[in-house]
Amino acid sequence: MNYRIIKAYKDDRTLRFCFNELAQKTFGLNFEDWYQNGYWGENYVPYSIFDGQKIAANVSVNITDFLWNGERKHFIQLGTVMTEEKYRNKGLIRQLMKEIEMDYGEKADGFYLFANDSVLDFYPKFGFQKAAEYQYFKQVSIPEEKKVQPVSMKERKDWNWFEQVMEKSVNNSKFGMIKNVNLIMFYITKFMQENVFYVKEQNTYVIAEIEGENLLIHNVFSETPADLEQVIKAFGKEIKHVTLGFVPQDTKHYIFSKIQEEDTTLFLKGKGFNGFEQDKIMFPTLSHA
């Protein structure tokens, strides 16, 4: 076997093709359009083991900064963990984890990842610990008609404009991701082109999903702190239940519960996460990489 670790190769067409091929096979994901649209930036770094010209295993680093109660934290999210079938059980992911630790261990406030049930005994070997997240929701009764305006995200001019909206926005979350527009654009340009709305009275943009009486708000963008209650009301009287994909600045109007997602467990590592569970917070839904 001719193993070698290669990292930060997004601009190498041949290596990127190998990465996309394995990601498509493993997760049904392809990052090529994200790259071609100009949103695969420097914050997403694949660490891959190649056997000759074939990718055998990968762990990707996603550099994510957060504001947590006003304090900036520098976290590293690990994701796109995958191994080609014939290379499994050879310790390749272990090698990549050690390489990442060497590169970022002294630079980050902490590491985190979301693991499936088949590897729950693996990550504690690297100092990771299971942790709980808490999501906020409430029942609502809205007398007004729907006022939000859908904003199409189907064309590049729409994406460029929405980038500016996000760049100018204040942080509307108690635990909010900052300076990672590219990751949010991964969702906007691929899966959520119909999920952006404008609330004119609040001059606020919202990424949300509506399913019958249920409203899931992933994120809120505004140049001044948003009035979340008024934003919710703008979605109209059809909405009876609201769930937030982030932690609001003011939680007193909400109920919270522990997130229990099938085949997904959060692991944390590092002193920067002290108080994470006690604060009853969650990683924003659009921060997952």
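Structure: above.
In this numbering scheme, every chain counts its residues from 1 along its sequence in written order. The model is predicted, so local features are restricted to residues of pLDDT at least 70 and side-chain atom pairs to those at 80 or more, both for listing and for counting; the totals for chains, interfaces and linings are taken over all residues. Hydrogens and water are ignored here; the side-chain numbers use all heavy atoms of the structure.

Visitor: I keep staring at the overall build of the chain and nothing clicks. Help me out?
Guide: Labels follow the DSSP assignment, with helices taken as runs of H or I lasting at least four residues and strands as runs of E lasting at least two, numbered in each case from the N terminus. A tally of helices and strands in the chain yields six helices and 15 strands. The C-alpha extent of the chain, read off along each of the three principal axes, is 65 × 40 × 30 Å. In the chain, which comprises 289 residues, the proportion classed as buried is 52%. Throughout, a contact is declared for two residues whenever any of their heavy atoms are within 4.5 Å. Considering only contacts within the chain whose residues lie at least 6 apart along the sequence, 73% involve residues at least 24 apart. Note on areas: Shrake-Rupley with a 1.4 Å probe; residue coverage comes only from the protein chains shown. Entry remark: accessible area of the chain is about 14,500 Å², with carbon and sulfur atoms responsible for 45%. The classification of residues rests on relative accessible area computed with a 1.4 Å probe and restricted to protein chains. Under 20% of the type maximum is buried, over 50% is exposed, and intermediate values are partly exposed.

Visitor: Looking at this structure, I do not really get the sheet that holds strand β14 (residues 255-258). What am I missing?
Guide: Strand pairing in a sheet takes place through backbone hydrogen bonds and is either antiparallel or parallel in direction. Should DSSP find at least two bridges between two strands, the strands are taken to pair. Read from one edge of the open sheet, seven strands run β8-β10-β11-β12-β13-β7-β14, paired in mixed fashion. Only two strands of the sheet have a single partner each, and these edge strands are β8 (149-151) and β14. Adjacent strand axes in the sheet meet at a mean angle of 35 degrees when their direction is disregarded. With four bridges joining them, strand β7 (residues 134-139) and β14 adopt antiparallel strand pairing. Bridged to Y134 within β14 is K258. Helix axes are fitted to C-alpha atoms over the stretch in contact, other axes to C-alpha atoms as well, and angles between N-to-C directions run from 0 to 180 degrees. With respect to the sheet, helix α4 (residues 156-168) is in contact with β8, β10 (196-199), β11 (204-211) and β12 (214-221), its orientation differing from that of β11 by roughly 110 degrees.

Visitor: Please explain the pairing of strand β4 (residues 71-83) as it appears in this structure.
Guide: It is a general feature of regular strands that their side chains alternate between the two faces of the sheet. Judged from the 11 bridges that link them, strand β3 (residues 54-68) and β4 form a sheet pairing that is antiparallel. In the strand pairing of β4, L67 is matched with R72. Strand direction decides the pairing type here: β4 and strand β5 (residues 110-115), joined by four bridges, are parallel. Each bridged residue has a counterpart across the sheet, and for I76 the counterpart in β5 is F111.

Everything listed here is a matter of coordinates, which is why it stays silent on function.
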